[in-house]
Structures are given as C-alpha cells and as structure tokens.
Amino acid sequence: MLNDLLRFDVKDCSWCRAFTTGTPPAPRYHHSAVVYGSSMFVFGGYTGDIYSNSNLKNKNDLFEYKFATGQWTEWKTEGRLPVARSAHGATVYSDKLWIFAGYDGNARLNDMWTIGLQDRDLTFWEEIEQSGEIPPSCCNFPVAVCQDKMFVFSGQSGAKITNNLFQFEFKEKIWTRIPTEHLLRGSPPPPQRRYGHTMVAFDRHLYVFGGAADNTLPNELHCYDVDSQTWEVIQPSPDSEVAHPEVAERIAAPEEAPSFSSEERGLKKSRDVFGLDFGITTVKQQPTADSELPSGRLFHAAAVISDAMYIFGGTVDNNIRSGEMYRFQFSCYPKCTLHEDYGRLWENRQFSDLEFVLGEKEDRVRGHAAIVTARCKWLRKKIIQARERLKQKSKQEIDEEGPALSQKEGIGGNVKLCCLQPLLEVTIREAEAQPFEVLMQFLYTDKIKYPRKGHVQDVLLIMDVYKLALNFKLSRLEQLCLQYIEASVDLQNVLIVCENANKLQLDQLKEHCLNFVVKESHFNQVIMMKEFEHLSPPLIVEIVRRKQQPPVRTHSDQPLDIGTSLIQDMKAYLEGAGIEFCDIILLLDGHPRPAHKAILAARSSYFEAMFRSFMPEDGQVNISIGEMVPSKQAFESMLRYIYYGEVNMPPEDSLYLFAAPYYYGFYNNRLQAYCKQNLEMNVTVENVLQILEAADKTQALDMKKHCLHIIVHQFTKVSKLPNLRYLSQPLLLDIIESLANHISDKQCAELGSDI
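First, a word on scope: everything that follows refers to the structure included in this document. Just so it is clear, the structure is predicted and the values come from calculations on it, not from any experiment. (Residues numbered from 1 in each chain as written. Predicted model: local features only at pLDDT ≥ 70, side-chain atom pairs only at ≥ 80, totals over all residues. Heavy atoms only, no water.)

### Here we look at the side chain of Asp458
Here Asp458 lies in helix α6 (residues 456–471). Apart from the residues within four sequence positions on either side, Asp458 is in contact with Pro451 and Arg452. (Helix = DSSP H or I, 4+ residues; strand = E, 2+ residues; numbered from the N terminus. Contact = heavy atoms within 4.5 Å.)

### Re the packing of aromatic side chains
Describing an aromatic ring pair means giving the distance of the ring centres and the angle of the ring planes. The final tally for this structure, using the stated rule, is 35 aromatic pairs. Centroid distance Tyr606 to Tyr664: 5.1 Å. Interplanar angle 85 degrees. Geometry classified as edge-to-face. Of this pair, Tyr606 sits in helix α15 (residues 605–613) while Tyr664 sits in helix α18 (residues 660–664); the two residues are 58 residues apart in sequence, bridging distant segments of the chain. Owing to a relative accessible area of 1%, Tyr664 belongs among the buried residues under this scheme. Arranged with centres 5.1 Å apart and planes meeting at 85 degrees, the rings of Tyr663 and Tyr664 form a pair that is edge-to-face. Judged by relative accessible area, which is 32%, Tyr663 ranks as partly exposed. Here the basic side chain of Lys547 rests over the ring of Phe523, its NZ or CZ set 5.1 Å away from the ring centre. (Phe/Tyr/Trp six-rings, centres within 6.5 Å; stacked < 30°, edge-to-face > 60°. Buried < 20%, exposed > 50% of the residue type's maximum accessible area, 1.4 Å probe, protein only. Lys NZ or Arg CZ within 6 Å of the ring centre and 35° of its normal.)

### Re the nonpolar core
The nonpolar side chains of soluble globular proteins are, as a tendency, buried together. Grouped together as the largest cluster of nonpolar side chains are 131 residues, with contacts concentrated most on Phe356, Leu379, Phe436, Leu443, Met570 and Tyr643. Here the element with the most residues in this core is α6; it accounts for nine residues. Sequence-distant contacts of Tyr643, that is, excluding residues within four places in its chain, are made with Leu338, Tyr342, Met570, Tyr573, Leu574, Ala595, His596 and Ile599. Trp98, Ala101, Met150 and Phe166 belong to the second largest nonpolar core, which has 15 residues in total. (Core = buried A, V, L, I, M, F, W, Y, C linked by side-chain atoms within 4.5 Å.)

### Side note on the side chain of Ser86
Inspection of the secondary structure puts Ser86 in the loop between β7 (72–75) and β8 (89–93). Residue Ser86 is classed as buried on the basis of its relative accessible area, which comes to 4%. Among all residues touching Ser86, those that are not within four sequence positions of it are His30, Gly45, Tyr46, Asn58, Gly102 and Tyr103.

### So, empty space enclosed by the protein
A complete count under the given rule lists four cavities of 30 Å³ or more for this structure. Of the pockets and cavities examined, the second largest cavity occupies roughly 70 Å³. If you trace the second largest cavity, you find it lined by Pro135, Pro136, Cys138, Val152, Phe153, Ser154, Ser157, Thr162, Asn164 and Phe166. Considering only residue class, the lining of the second largest cavity consists of six nonpolar, four polar and no charged. (1 Å grid on protein atoms, 1.4 Å probe; cavity = no way out; pocket = protein on both sides within 12 Å on 5 of 7 lines; lining within 4 Å. Points joined across faces, edges and corners; volume = space filled by probe spheres on them. Nonpolar A, V, L, I, M, F, W, Y, C, P; charged D, E, K, R; others polar.)

### Regarding the pattern of salt bridges
According to the stated counting rule, one finds 30 salt bridges in the structure shown. Among the ionic pairs, Arg612 bridges to Glu608, the shortest N-O distance being 3.4 Å. Taken together, the residues span about one helical turn, with Arg612 and Glu608 both in helix α15 at a distance of four residues. The partner of Lys704 in a salt bridge is Asp696, and the shortest N-O contact between them spans 3.0 Å. The exposure class of Asp696 is partly exposed, given its relative accessible area of 25%. (Salt bridge = Lys/Arg side-chain N within 4 Å of Asp/Glu carboxyl O.)

Here it is in structure tokens:
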C-alpha cells in the first residue's frame, strides 16, 4: 500500500511528486478522493499490511489536501460517524461530500452519509434517510452527478448483482431505478453487470468504461444519454490518426512517468500515453506498428478535466497493474432536439389540419397530416379516403351552387379572399380518445410514458394502446407496449392483465401472463387471491391445464420486426413519400421545392412566426440566409436537418449553412456546431478566404482565428488567390495584423535591411 501523492500536468503531459506538508493519510486502497474548490478530500479505505496480513481494517477518517499550500489536514468532527468502509461511492454536490454504500469488512452496505465542506469547525456527519427504489447493498461501483442527480451503475452486490442504473434526487432524497423496458429489442442494451469500473458525467451523458464483467475485462466505452434514457457503445472511426511526433515524444519521456513501490510485483512498466479523441472519434498515440485501443481493466481511476476524460492505471490481464494514461476528448455538440420539437408540436396542436373523430362518443383529437401520414400507413389510408370524400362533397356543392358563386365573384372584382382551410375530419371508430392520444404521442416522439409502478390503470391503458398498435400495424409501438406491459406484470396485477388480454384477444400478452402464473414460485400465491375466484371459467380451466401440462416452447428463427423509427420515417417522407401532402412551396432562386408547414414550424421559430402571423397568400416562401441564397445542395442539406436531424454534409454546404441556425431560429445551435467542425476539419488554402468571410459575418471568432492562422502560415499560396483582392478592408487589415504578429524580430530586421 502507498500514501504518496503524484501530480500529472495535462498540458505538459508530465508526472511529478506533489509537494506535501503535514501528516498524510495512512497507506490505503479502495478509498475515495473528490475535489471541492481548491482542495481534495480523501475518505475511508482499507489500511494495514496486506503482505503480513496484520492490522487490516477499514477506516472512516476524512482528510483534506490543499492544492495551494500542499497541506494535509485530518478533519475531526463531533457526533455520529459513518461506519468505517472501503470500496464505497463518493461525490460532491451542493457544497457537501456524499458517501454511499461500500464494504465494512463483514458485509456490503447501502447507507448514505453527507458532510458540509465549507467550514471544518462547524460541520458534522449526517445520515440520509433514503426512500424509493434504493439500490441493493454493493461495493466497487462508481457514482456520478449529472443534472442535479446522482447516478449509480452496477457494482458487487452478491447474488443481487444487476446492470441496473439508479438515480438519486438530492432534494427529495428519493432513489429511482432507470427502466430499460423502453429500449426496443435490437436497440443497444445497457452494459453488462460489472464491478471495478468507472463512470463519469459530461454534459447530459454518463460514460462507463472497464470493470470486470462475468469473468471478462471489456474495453467498450458505453455512453448513457440522461435526456433520452438510451445507451450506446461509442465506436472509434477506422481512419485513426497518429499524434504529432513532438507531442508523443514529450509524453513518453521515461523520467516523467510515476514511480511505483518495488513491492508491487508484476508491474507492467508502460510509458505510452494514449489520447482517445471522441470529438472527431479518432485514436491518437505515438507511432507504432500496431496501434490498438485501450485494453480492458478494473480498479482504474477516471477524472474529467475541462472537456476531456483521463483514465489512469488499473489491473489488466493476468493481474498485471498498468501505468498507462489515456486521454478521451468528449464531443461537445448540443443534443438533437428533433423528438422534442415534434413533441412540442403535438402538445400545442398549432397548425393542426386534421381532426380525428373517435369511437362511439365521437371524441375529437387534432393532429397534423404531415406527421401522421409519415408514421402510419393505416392512418394515411384513412386520411386519403377522408380527403377524397371531402373533394367529392366540394365538387357536388360547386355543381349545385355554380351560378350563385359566379355572381358573387363578379361582385368581388379582383380582390383575393384569404380563407382558412377547415380541419379535415377523419373518423376512427376502432379507437377511444385516451389510448389514441398515447398512440399519437408516439407518432410525434417515438416514445410513450412508462407505466407507474403499482398503477394497474396505467398498464390497462398501455394494453389498449397495444391493441391499437396491432390494428394500425405499428410494429415499433407494438413491441414497445409489449415490453412495457411484460415488465409491469407482477403478482398484484397479473390476473387483471391476463383477463384483459383474453378479452382484447392479445394472445402474446396472454401467453406471458399464463406462464407467469404457473411458475412454481407464483402459482400457490395467485390461486389463493380473491381475484382468481372472479376469473372467467374458461380462463381458470386454461390456467389449471397450463399448470398440469405446460406447452412445449418453440423457438422462432424469424427476425423480430421492430418497425421504423421517427428519423427513418421522416427521411423517407422528405425523399418523396410525403409529396402528396405538401402544403407550402419554398422558392430557392425561383426554383420551387414543395414542403410541409407543420414540420417547418416545429423545427424553426422563423417559419413558426411566419405561418402564425403573416402566411403568404400564394403559399410560397423565398429562401435565403440573410442576404445569401444557399446553393441547391446546401438547401437540401438544411431540409434534411429540419426533417430528420441529419447533420452530415459536404464542407461547402457547411459554409452556406453556418449562419442558418441564427437566421431560421432553430431551437439550438447543433447544426452550427457541426458546420463549424466540418469547416475546421476541411478548410483548405482554396476555400480559406470564403470561410474567413462567413466567420466574420456570423461573428464566429474562434473560426475566424483558425482561418487567419492558416492564411498566415500559407500566405505565399493564399496571396495568389484572386478572391483576396475582393475582401473587405477590415478583413485585409486583420490579415496584415496577423502577419505582423507572426513575423519574428529577426524577420523584421531582414525586411528592414531590404528596404
């Protein structure tokens, strides 16, 4: 065990021993260390002599290390203390240190303690009274804080070990298990259950790396989006780049690497420092013949510094301890708001052009033809039929009132009357209002609300939605409902769900309920319930027969149809599937491009304001970005972004669209961020002047600085470009100033001697 303190400079990529005074904590491992303000706090851990197996014990002491002075100080507090522990989770939130779970030497824990870090003399430990779905007692797990919540993923918890993700609300002190039932089969699953891994938070994401998972050491990097509650595995791109040789050489200097005790046997003395860049998804390391990703490991350390994650050390294969350092550049792009934007359109029902008349009660629900016809072929057919009936009715009225209408037109002269289109009524006898609204929410967002635990009515509602999904042939919604219901079935509601599934003829769900009932651990409890006595006789007979003679399970090789997503449907809609439902014409330099008002308004505040306040009478809108008319290719790239969130485009399109988020009022600057990166990665001598002008117009100062840097270093080539003479005077002065700053004193003297 060690108690030395090492310092790694992320700018110089160099190691050194940190200056310390005072009495440091005793040598230990499986302790926690967190940073608050200008100090580091170390709590607990396992101390003693592991080689002689003497004085081994857990600690509950708290030490502060001040970075400015190098002073170690032990905090002594009055009152109750947490049980001594190791392998616990620790984090800082709201000026307090929070400790959760761990191992006390005899058993795993799941208690929580907190202590204020602002005033050492007045502070004290306080045990937190937790509620909700508290994680099982566990150890060797990480915690991370994101969006004012603390997250815990997996860890060692004996027979109860799972790959569940839990979140803790600091204000209400309530735990919640994050459900995974909304993840469709075929979607990226959560990481395997594991221990000894790390998890850090950046922006709205949690990143899980390493750990021991069922006797393996995986090295995938898992990313969890807190907003969408989805997991994905980050994949590095095949076009990996090699770092600059000077940087690699400085990183790899042997004397800069941390030293280890000679007692640590089996140490792998690796001096390589890797940089894993996920901003552009490339791997960087000093040149080698066989470049590879970081290997799997456990009990390593991870920390976020600025916009990067650093991973150090850990135990790799065959219990070899690693001294490697990995750098991991996060992506800083704003999230895609496609689902939220369409969801907002559904909530406010603005620009609705449909009104569904539902069931026997004839309840009315409004919607948008552009979204509904893109997502559901069954409803699309109904809408087309309703349009045809309306056309026939209008034609009949014109035929009957033709002479009168002609007389009215003569009175009006050349004045054009602007009339609002009436809502198209579409009758759906098969659906009631409440489940139909849930189905509509899915069409707009690809999501439905997960049933609340213990609320049978929520489950029954999702069953009605499931029935509609089957009727309307919405495979994705069908699978989503089925997963939600199956995950919600328990001893309290199984008979109600089974009876309802039998009534609605939901055979697959009924099969799941029957299998649940006849399980050895469930059967006796279920048949003793009062609800069992009120089941229909045929269903009781079926349960008894199922118990006596379970059916042979058959395995289907047929691939599961999970349907199409919102993004896939809107992509097809833009590419031609929605042409007959276009209700607006976009004019690009006089050339028409049919589009859909509701989609444009949902994604752009510019179009929303236009259609709400001053909709053009002829239904045509001229397209420009400020004073600039984009190319046809760039315009199509912008439409792809509007309709389904696509951001991949050629660099020349990025040049046109860099200012589009400001002009069209997109709900965040995601498109601009991608355009900026696309330009920076693909700026050349040939296009640097055009990009400089665009950056200057949009006040993108960092991009302007990047362009000036290239112009200065490639000025011999740039000076021969014909566009240089057409730059504005202020930009020419900026170039001259940059050149002057770049020229050294020696070069100035040489220029002076030539004059």
